[in-house]
Amino acid sequence: MGTEGSTVVVPRSFRLLEELERGEKGIGDGTVSYGMDDADDVYMQSWTGTIIGPSNTVHEGRIYQLKLICGLEYPEKPPSVKFQSRINMTCVNPETGVVEPTIFPMLADWKREYTMEDILTRLKKEMASPQNRKLTQPPEGNDEGRVDPKGLVLRCCIM
């Protein structure tokens with residue numbers, strides 16, 4: 001006595017726990033990874049992703065850190081994605097490091113089935129695309145000197 005065509009919607013917390021477990025196990029060849037920033041974050045909003053640049057591109061050998069913020073509407077709405085590491089890519093705002101949702105197709109055409117792993121994997125493929133594979137890159141490092149949305153220069157120093 002089942003209803004045809006009905007789908008079960010997995011609750012947000014279960015979905016994120018599933019993604020956390022998958023991220024902790026490692027993904028594919030190990031060039032993409034992700035995990036939670038704070039194990040005490042009950043809403044599981046703040047995540048860090050890592051992409052090792054693809055071979056035979058200007059990104060080869062570079063390690064890129066990203067911040068993914070899964071709002072309370074995730075996975076119905078995509079997370080915000082920002083490169084912490086400096087990078088020159090057509091879909092990334094050079095000032096803020098934000099992956100532009102209007103330019104990056106996966107975020108523009110978001111589907112509930114997509115995951116953070118899918119985003120990171122797609123960004124790695126985008127690095128190897130003809131329009132990004134040979135773009136001159138900024139010196140390696142984090143976002144020191146990047147401008148935040150309020151126009152303030154972000155800097156971090158340890159005392």
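Structure report, in brief. (Residues numbered from 1 in each chain as written. Predicted model: local features only at pLDDT ≥ 70, side-chain atom pairs only at ≥ 80, totals over all residues. Heavy atoms only, no water.)

## Focus on helix H1 (residues 12-25)
For clarity, the cut-off: Runs of H or I in DSSP of at least four residues are treated as helices and runs of E of at least two as strands, each being numbered from the N terminus. By definition here, a helix of n residues has an expected span of 1.5 Å times n minus one. Relative accessibility decides the category of a residue: with a 1.4 Å probe and only protein chains considered, values under 20% of the type maximum give buried, values over 50% give exposed, and everything between is partly exposed. This arc corresponds to the set of directions leading from the helix axis out to the C-beta atoms.
For H1, built from 14 residues, the straight-helix expectation of 20 Å at 1.5 Å per residue is met to within 8% by its first-to-last C-alpha distance of 20 Å. Listing the buried residues of H1 in full gives Arg12, Arg15, Leu16, Glu19, Leu20 and Gly23. Along the axis of H1, the buried positions cluster into a sector of 140°, meaning they face one direction only. Pointing more than 90 degrees away from the buried face of H1 are the exposed residues Phe14, Glu18, Glu24 and Lys25. Looking one or two residues past H1, glycine 26 carries a phi angle of roughly 95°, positive in sign.

## Looking at the environment of proline 79
The condition is simple: Whether two residues are in contact is decided by their heavy atoms, any of which lying within 4.5 Å being enough.
Along the chain, the position of proline 79 falls in the loop between strand S3 (63-69) and strand S4 (80-83). For proline 79, a relative accessible area of 4% translates into the label buried. Distance in space between the C-alpha atoms of proline 79 and threonine 115 is 9.3 Å, their sequence separation being 36 residues. For proline 79, the contacting residues outside a window of four places in its chain are Leu68, Ile69, Cys70, Tyr74, Leu107, Trp110 and Ile119.

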